Structures are given as C-alpha cells and as structure tokens.
Amino acid sequence: MNFFLHKNTTILVLAPIIVVASITFGFWFKFEKNITGFFLIGETFKKSPFLDENEILIVKNEVGYDGQQFLSLAFDPLMQHEGTLEALDNPRYRAKRILLPLVSNFLSLGEYKLIPYVFVVLNSIGILAIFFLFYSIQKNKNSFYLLSLAIPGIWIVLRISTAEIIANTLILTSYFFIQHKKDKTSFLFLMLACLTKETMIIFPVSYGLDFLIKKDFKKIFVLAFFFIPFYIWHIYLIYKFGLGGDFDEFRNFTSPFYGVFKKWSDLIFLENNKHEYLYFILLNISIILLITKLKYIYLNHIYLFGSSLVYITLFALSSSAIYDYHFSYNRVFIPVFIILLLSFKDNISIFDKVFWFFSTLSSIRIIYWVMK
C-alpha cells in the first residue's frame, strides 16, 4: 500500500496517462477508430435520425444502453426532431439529465460527427478533474488523492458514456468552493450537477439540512434561488411530456433490503457474470465503511452528512433492478466512494487499505475492459 501513499508529486502525471491510454487503446483497437463504440448502441432501440447506421458500431444481441440515449439527446437537446423522440425510450426521463448532452452539442459547433468525440472527451476531462480536485482538497494528507482513480464506477461511465462522471465532478467542485466559503459559487455548481443528473439533488438537500439546523435561512433562500434554472427545465419537461412513460420515478425502490437479499440470492443460486461477485461485494463493503465513518463525517464534513445517510438508505431500499448488473449500481453509488475519500483521517486504517486495494483491483479490471 506504500504505492498509494507515495508523496512524490510527480505521481500527478499518472492520471492523465491512464485516462489517455484507456481512451486511445479503446478507440484505436477495440472499436477500430469508431467513436460510437463508447456508447453501447444496441440492435433493438430505434436509432437517432442523426446517426448513419452504416457508420456506427452496433452491439449484437443487445437492446442498447444509457449511453445510446444520451447520444440521441446530444444530437437534438431540445428534442425538436420527431425521430429524436422516437429514439428516446422516455423523453422526459432522459431529458432530466440535459447538461452533458447540451454542452456536447454546443461545443461541437453544429458538427454532428464531432458530438460523440466531445462527449467522450468531456468524460475523460471529468476523471482528471476529480483527480486534481482531490489533490487540491487533500494534498496535505499523504497523497490519498491518488485513490480517486480507484473508483470502478468512473471507468464504467467512461466506457458507456453516461453522465455520472460530470455530475460527480460538479458535486466535488461545489464542495471545494463551500469549504473555501464561496457559497454562491458552490450553489451554482450544485445546480449544474442536478441538471446533469437529477438524483444529485441529494447534495443540495444535505447542504440545506445543515443550514436548517443552524437556522441560517438566508443561505437556504440563496440556495433555492440558484436552482431556478433547474425548476424551469423540469416544469418545461412536465408541460411538454406529462408524467407518463415507461419509467416510474419510484420503480427503483422496494422494501428495506429486499433488493440486496435478492441480489445475494441470485449470486449464490443462479449463474452470473463472474465479475458481479467482485463488484457487489465491493459495494456492500463501501456501505459498511461509510456507516463506520458517520461520526467523523458529521464532525468534519457536515455538508456531506445528510447525503451519507441518504446513500445508506438508498442501498437498503434500492430494488433488484438497480442491482441487476454492475453497470448500474457502480454508477449510482459513485458518491459513496467520493465521500469515503473525503473522510480519510491523517492515518489510513487497515480496513481502509484493504477496501481501497480491493477497489483498485476492481478498477483495473474495468480499465482493462475499456482498453482491450
């Protein structure tokens, strides 16, 4: 574990090397220079009218994954083309996560063929941003920032091109600014994180809980004010699409621990992808570790205390649909790993070392999958 605690700042070059190598090898060899391979486009879902099916990589015998939905939205963020609506399984649900598709479209300067490249590059930059944000926050704590590369979920997102890397980058940026007493800037990044993925609303609620306990109603008002764009966008989506669709907002929740026990039952008694054991065990350990750190988080990272409680609760209440495959739950629980990294004490415990070693091995497996 001394490798992880290396104090030489030249280790900062490691993150760019790993990210660039992963993307380069994946693009050049795995996908034979076809960037659409990073979006897991399946056979079943209708394709965006802005995609030429003769020029994209289609995964045989697959329905298609979330990355395909994000790409369809990036081509037409305002969903003006009827074909875009047909390509989205639930337009309102997908469009709640508008920021990354919108920014990718904007930065492409109207060149549709550039949009997939921009999307992948932004996620790559997001990993580096998480790495350097941890360095800025924890540079006096034995180089723990290096472990930000050991979060399996970020490498899964890099492979399938969804929004969780950018959402968590914005959350971490918000936390960086609120630590430096720049509340308004912090609130702006919180709002942007929620426009990237609406479930990040957990964090402004967590901040607000602290303000409420302190009876700082002015900050609650300012925080709510910064979320006006978020309110407007969601009101617009409800006005345009209503509340119907194939996705019920509460379908991913069930009775306490039913989803967890169902997953363990499946792992024990059914034939599974062998990697599922690795990733689900890691998730369970991460929640246990988070529970053991609650007191420390309350005393030293009060803004994250409420969100810690929520993620523990989410782990208990998540349905078997969330735990069905490691693509999903590794993305949903990325913030747990981020909170664990932020909650390091000056001396890392044996339990922490074992956990992060396990997490590193899991991440290496994903990086290999991206590159091979």
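Residues numbered from 1 in each chain as written. Predicted model: local features only at pLDDT ≥ 70, side-chain atom pairs only at ≥ 80, totals over all residues. Heavy atoms only, no water.

Take the overall build of the chain next. The helix and strand inventory of the chain stands at 19 helices and 2 strands. The C-alpha atoms of the chain give 20 Å as radius of gyration, which agrees with the globular expectation for 372 residues (21 Å, within 12%). Projected onto the principal axes, the alpha-carbon positions of the chain cover approximately 55 × 45 × 45 Å. Residues counted as buried form 54% of the 372 residues belonging to the chain. (Helix = DSSP H or I, 4+ residues; strand = E, 2+ residues; numbered from the N terminus. Rg over C-alpha atoms; globule rule 2.2 N^0.38 Å. Buried < 20%, exposed > 50% of the residue type's maximum accessible area, 1.4 Å probe, protein only.)

Moving on, we get to unusual backbone geometry. Positive phi values are uncommon outside glycine, yet Ser161 reaches one of about 60°. With respect to the helices and strands, Ser161 occurs in the loop between helix H7 (152-160) and helix H8 (164-179).

Moving on, we come to empty space enclosed by the protein. Following the criterion strictly, the structure yields 1 cavity of 30 Å³ or more and no others. A volume near 50 Å³ is recorded for the largest cavity. As for the largest cavity, its lining consists of Asn168, Ile171, Leu172, Tyr175, Phe203, Leu304, Pro335, Ile338, Ile339 and Leu342. Of all the elements in the fold, those that place two or more residues in the lining of the largest cavity are H8 and helix H18 (334-342). Residues that form the lining of the largest cavity fall into these classes: 9 nonpolar, 1 polar and no charged. (1 Å grid on protein atoms, 1.4 Å probe; cavity = no way out; pocket = protein on both sides within 12 Å on 5 of 7 lines; lining within 4 Å. Points joined across faces, edges and corners; volume = space filled by probe spheres on them. Nonpolar A, V, L, I, M, F, W, Y, C, P; charged D, E, K, R; others polar.)

Looking now at the pattern of salt bridges. The final tally for this structure, using the stated rule, is 13 salt bridges. One salt bridge connects Asp66 with Arg331, and the closest N-O pair in it is separated by 3.0 Å. Here Asp66, found in helix H2 (residues 66-75), pairs with Arg331, found in helix H17 (residues 326-332); they are 265 residues apart in sequence, far enough to count as distant. Notably, a salt bridge pairs Glu276 with Lys263, separated by 2.7 Å at the nearest N-O pair. Of this pair, Glu276 sits in helix H14 (residues 274-292) while Lys263 sits in helix H13 (residues 258-269), placing them 13 residues apart in sequence. Accessibility assignment for this pair places Glu276 and Lys263 in one class, buried. Three or more residues are tied together by salt bridges with common partners; here these are Asp66, Asp89, Arg94, Glu164, Lys197 and Arg331. (Salt bridge = Lys/Arg side-chain N within 4 Å of Asp/Glu carboxyl O.)

With that settled, the discussion passes to the side chain of Asn34. Here Asn34 is to be found in the loop between helix H1 (14-30) and strand S1 (41-42). Side-chain polar atoms of Asn34 contact the backbone oxygen of Glu55, separated by 2.9 Å. For Asn34, the residues in contact, after removing those within four places along its chain, are Phe27, Glu55, Ile56 and Leu57. (Polar contact = N/O pair within 3.5 Å; in protein donor to acceptor, adjacent residues only side chain to side chain. Contact = heavy atoms within 4.5 Å.)

All right, on to the packing of H14 against H18 then. Packed helix pairs are specified by the crossing angle of their axes together with the interaxial distance, meaning the distance between the axes. At a closest axis distance of 10 Å, the pairing of H14 and H18 adopts a crossing angle of 45°. By the angle between their directions, the pair H14 and H18 is classed as oblique. Crossing angle aside, the handedness with which H14 passes H18 is left-handed. The segment H14 lies against H18, with Leu282, Ser286, Ile287, Leu289 and Leu290 engaging Val336, Phe337, Ile339 and Leu340. (Axes fitted to C-alpha atoms, helices over the stretch in contact; angles between N-to-C directions. Parallel < 35°, antiparallel > 145°, perpendicular 65-115°, else oblique. Left-handed = near helix turned anticlockwise from the far one by under 90°.)

A few words on the layout of surface pockets. One simple way to see leftover space: roll a probe sized like a water molecule over the atoms. By volume, the largest pocket amounts to about 1,200 Å³. Along the wall of the largest pocket there are 40 residues; nearest its centre are Tyr93, Arg97, Thr199, Asn252 and Ile322. Elements that contribute at least two residues to the lining of the largest pocket include exactly helix H4 (91-95), H8, helix H12 (228-241), helix H16 (305-317) and H17. Residue classes in the lining of the largest pocket are distributed as 19 nonpolar, 7 polar and 14 charged. The calculated volume of the second largest pocket comes to roughly 270 Å³. Looking at the second largest pocket, it is lined by 14 residues, and the ones nearest its centre are Thr36, Leu51, Glu55, Ile56 and Lys113. Looking at the lining of the second largest pocket residue by residue, the classes come out as 8 nonpolar, 2 polar and 4 charged.

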